[in-house]
Structure formats: structure tokens, C-alpha cells
Amino acid sequence: MSQAKSSSFKSKNRGVFFLIAPVLIILITMGIRVAFPTLPTPFSGMRPDNLGVVAGRLAPCPSSPNCVSSQSLDKEHYIEPIAYQGESQTAIAALTSLINSQERTKIIAEESNYLYAEFASRWMGYVDDVEFLVNSNEKVIDVRSASRLGESDLGVNRQRIEQIRKLF
């Protein structure tokens, strides 16, 4: 094989490798996720250190569209809080039970008026941080749901909160 043909062959193989490698990584990650659904993935990200309640408020949403919050001041990120009736302790207990019944969720913090849970996607293991804060004066539960990674979530966080509202 001549020098030119050998160089052309290597170049073509390198191009194929760069096309196939990302697909293989995704398929391997999905296979591991199916076999070991509780293992963290390269897509789970790091747990944020700005979550929780500060001065009666949840953390604001970042500028990216992958977050919703009932305490947001802008239309893009705003979502209605979840209304409840009865005692706040009963509401948080019902919410805890509901979250625990969901697949691929883990409650990280639970207090008398606050709940923080992680929701992981089925195939890639992307993690969303979801917080609930009971406002007993207004009989609502403020919510915040945000993706850890990426820019867009294709509406998943909004859909999740609406589904929880429906089930609640």
C-alpha cells in the first residue's frame, strides 16, 4: 500500500471513530443505567450548594429555561404553587408519600415545612433538584424544580410539577 493510500485509510478510520465513539458512550451509559439504576452517571452532575430556604424563599431560577419556581418573578420560570387544605403537617406528609412513590427519586432533606428531592431520568440519569416549601399562611406549597445540567429540559420540570399537582 502506498504512503498516500495508507494516510487516506487512517484518516477515514479516524473519522468513523469520531462518529461512532459518542454513540457507543451513550449506549454503554444506557446499558449501565438499566443494569444499575441507582448508580450515578456522568450526566447526574453535582448537588447544588445553594438549595434550601433562605429568608422564607427558595433559590431563584438561573437564566436558563430548565427551571420552574412558584416564587419566580418572570413568566418563563413561573409556575403556580400547589394549593392544599387542612394542616401543613398533613400536606408535607402527603407530599413525602407521593414523592416516595415516584420512580428514580430520592428524598435528600425533609423538615416540618420543607422537602428536597432528586429526580433522575430513566436512560441517561440526568438529575433534577426539586424543592417544596409549605406556606401555611396562604395554604400553598411553593415549588422549585431545576435541571442540574444543560440549557433546555424540553419542559420536563414544568411537566413534573404539574403531574405532582394532579396527583396531590
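Everything numeric in this text was worked out from a predicted model, so none of it was measured.

Conventions used here
Residues numbered from 1 in each chain as written. Predicted model: local features only at pLDDT ≥ 70, side-chain atom pairs only at ≥ 80, totals over all residues. Heavy atoms only, no water. Helix = DSSP H or I, 4+ residues; strand = E, 2+ residues; numbered from the N terminus. Contact = heavy atoms within 4.5 Å. Disulfide = S-S within 2.5 Å. Buried < 20%, exposed > 50% of the residue type's maximum accessible area, 1.4 Å probe, protein only. Pairing = 2+ DSSP bridges. Expected span 1.5 Å × (residues − 1). Arc of directions from axis to C-beta. Core = buried A, V, L, I, M, F, W, Y, C linked by side-chain atoms within 4.5 Å. Polar contact = N/O pair within 3.5 Å; in protein donor to acceptor, adjacent residues only side chain to side chain.

**Student:** Break down the overall build of the chain for me, with residues and values.
**Tutor:** Assigned secondary structure in the chain consists of three helices and six strands. Contacts spanning at least 24 positions in sequence make up 54% of the contacts within the chain whose residues lie at least 6 apart.

**Student:** Go over the state of the cysteines, please, and point to the residues and values.
**Tutor:** Scanning all chains against the criterion turns up one disulfide. Here cysteine 61 is linked by a disulfide to cysteine 67, with a sulfur-sulfur distance of 2.1 Å. Handedness here is read from the sign of the S-S torsion; for cysteine 61 and cysteine 67, about -65°, the answer is left-handed.

**Student:** Requested: an account of the pairing of strand S4 (residues 114–120), with residues and values cited.
**Tutor:** Counting buried positions along S4 yields seven of seven residues, so the element is predominantly enclosed. Burial along S4 is two-sided: the residues Tyr114, Tyr116, Glu118 and Ala120 and Leu115, Ala117 and Phe119 are all buried. Note: strand S3 (residues 105–110) against S4, five bridges, orientation antiparallel. Each bridged residue has a counterpart across the sheet, and for threonine 105 the counterpart in S4 is phenylalanine 119. In textbook terms, the turn of a hairpin is the stretch between consecutive antiparallel strands, and for S3 and S4 this stretch comprises three residues. Both S4 and strand S5 (residues 127–135) contribute to a ladder of seven bridges, which runs antiparallel. If you follow tyrosine 114 over to S5, its bridge partner there is leucine 133. The turn joining S4 and S5, which pair antiparallel and follow one another in sequence, is formed by six residues; a positive phi near 80° is taken by glycine 125.

**Student:** Account for helix H2 (residues 88–100), naming residues and giving values.
**Tutor:** Count 3.6 residues to each turn of an α-helix, and residues three or four apart come out pointing the same way. In this model H2 runs 18 Å from its N-terminal to its C-terminal C-alpha over 13 residues, within 8% of the 18 Å that 1.5 Å per residue would give. For H2, the set of buried residues is Ser88, Ala91, Ile92, Leu95, Thr96, Leu98 and Ile99. In a view along the axis of H2, the buried residues occupy a sector of 165°, so they form one face of it. The outward face of H2, more than 90 degrees from its buried face, is lined by the exposed residues Gln89, Thr90 and Asn100.

**Student:** Kindly report on the side chain of glutamate 118, identifying the contributing residues and their values.
**Tutor:** Position of glutamate 118 relative to the elements: it lies in strand S4. When neighbours within four sequence positions are excluded, glutamate 118 is seen to be in contact with Arg47, Arg104, Thr105, Lys106, Ile108, Val127, Asp128, Asp129 and Arg148.

**Student:** Quick rundown of the nonpolar core? Include the residues and the values.
**Tutor:** Across soluble globular proteins, nonpolar side chains show a tendency to be buried alongside one another. Counting residues in each nonpolar core, the largest one holds 19 residues, and the members touching the most others are Leu95, Ile99, Phe132, Ile141, Ile161 and Ile164. Put simply, the parts of the chain that give this core at least two residues each are H2, S4, S5, strand S6 (140–147) and helix H3 (156–167). What isoleucine 164 contacts, discounting residues up to four positions off in sequence, is Ile82, Leu95, Leu98, Ile99, Phe119 and Phe132. Counting residues in each nonpolar core, the second largest holds five residues, with Leu51, Leu58, Tyr116 and Leu133 among its members.

**Student:** Lay out the side chain of threonine 96 in plain terms, naming residues and giving numbers.
**Tutor:** With respect to the helices and strands, the residue threonine 96 is situated in helix H2. Judged by its relative accessible area of 10%, threonine 96 is buried. Here the side chain of threonine 96 touches isoleucine 92 through a polar contact of 2.8 Å, landing on its backbone oxygen. Beyond its immediate sequence surroundings of up to four residues, threonine 96 is in contact with Ile107, Glu110 and Leu115.

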